[in-house]
Amino acid sequence: FRRVLFRSWRDDVELVLPPSARPTFVPAGVVIESGAFRYQSSWRLEGERLRVVRELVIRRDRGYCVPQDERDFIPVREVMRRDLMGQVVFGAGTN
């Protein structure tokens, strides 16, 4: 029997946009998996609602980090950083 430690963090944000807000660009979601680490996000515009879901999952068979974990996390960290800096672009509204 091999014990697997599982840890997950999830953000689920929903914004209701005013009718005059006209998004012209919504970032694409991302998925990356490296070693024990998996990160995924989705950005969806559903009518006047913008929903962003992000999740980081870590699965390991030990309760501590080893040097390989740091190497595996580097590409995940970079994708997360870029995703967290994502911006929705709005066009000019008409008033």
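Before reading on, note that the structure itself is shown above.
Residues numbered from 1 in each chain as written. Predicted model: local features only at pLDDT ≥ 70, side-chain atom pairs only at ≥ 80, totals over all residues. Heavy atoms only, no water.

Let us now look at the overall build of the protein chain. Of regular secondary structure, the protein chain possesses one helix and six strands. Secondary structure elements of the protein chain, listed N to C terminal, follow the sequence β-β-β-β-β-α-β. For a compact globule of 95 residues, the expected C-alpha radius of gyration is about 12 Å, and the protein chain comes in at 17 Å, more than 25% above that figure. Overall size of the protein chain, expressed as C-alpha extent along the three principal axes, is 65 × 25 × 15 Å. Within the protein chain, the proportion of its 95 residues that are buried is 25%. Sequence-distant contacts in the protein chain: of pairs separated by 6 or more residues, those separated by 24 or more amount to 68%. Working note: accessible area of the protein chain is about 6800 Å², and carbon and sulfur atoms make up 54% of it. Of the charged side chains in the protein chain, 17 are positive and 13 negative; the average position of the first set lies 2 Å away from that of the second. (Helix = DSSP H or I, 4+ residues; strand = E, 2+ residues; numbered from the N terminus. Rg over C-alpha atoms; globule rule 2.2 N^0.38 Å. Buried < 20%, exposed > 50% of the residue type's maximum accessible area, 1.4 Å probe, protein only. Contact = heavy atoms within 4.5 Å. Areas by Shrake-Rupley, 256 points an atom, 1.4 Å probe, with all protein chains shown as cover. Lys, Arg positive; Asp, Glu negative; His and termini not counted. Charge placed at Lys NZ, Arg CZ, Asp CG, Glu CD.)

By the definition in use, this model includes twelve salt bridges. The closest approach of N and O atoms between R81 and E78, which form a salt bridge, is 3.1 Å. Residue R81 and its partner E78 are both found in helix 1 (residues 67-84); the two are separated by three residues, about one turn of the helix. Given the relative accessible area of 40%, R81 is considered partly exposed. Residue classification places E78 among the partly exposed residues on the basis of a relative accessible area of 27%. (Salt bridge = Lys/Arg side-chain N within 4 Å of Asp/Glu carboxyl O.)

A separate point is helix 1. Counted at 1.5 Å a residue, the expected span for helix 1 with its 18 residues is 26 Å, and the 25 Å between its end C-alpha atoms agrees. Taking the largest bend as the criterion, helix 1 deviates by roughly 35°, centred on F73, and proline P75 comes between one and four positions later. Along helix 1, the positions that sit buried rather than exposed are D69, D72, V76, V79, M80 and D83. For helix 1, the elements touching its buried residues are strand 3 (31-34), strand 4 (37-46) and strand 5 (49-60). (Expected span 1.5 Å × (residues − 1). Bend = angle between axes of the 7 residues up to and from the residue.)

What follows deals with the sheet that holds strand 5. A sheet is described by the order of its strands in space; here four strands give the open sequence 1-5-4-3, paired in antiparallel fashion. Here the strands that pair on one side only, and so sit at the sheet edges, are strand 1 (5-16) and strand 3. Put simply, the sheet's adjacent strands are angled 5° from each other on average, direction ignored. The sheet contact formed by strand 1 and strand 5 spans twelve bridges and is antiparallel. Each bridged residue has a counterpart across the sheet, and for V16 the counterpart in strand 5 is R49. (Pairing = 2+ DSSP bridges. Axes fitted to C-alpha atoms, helices over the stretch in contact; angles between N-to-C directions.)

The next point concerns the packing of aromatic side chains. Per the counting criterion, the structure on display carries one aromatic pair. In this structure, R62 packs its charged tip against the face of Y64, placed 5.9 Å from the ring centre. (Phe/Tyr/Trp six-rings, centres within 6.5 Å; stacked < 30°, edge-to-face > 60°. Lys NZ or Arg CZ within 6 Å of the ring centre and 35° of its normal.)

Attention now moves to the side chain of R60. In this structure, R60 sits in strand 5. The exposure class of R60 is buried, given its relative accessible area of 17%. When neighbours within four sequence positions are excluded, R60 is seen to be in contact with R3, V4, L5, A36, F37, C65 and D69.

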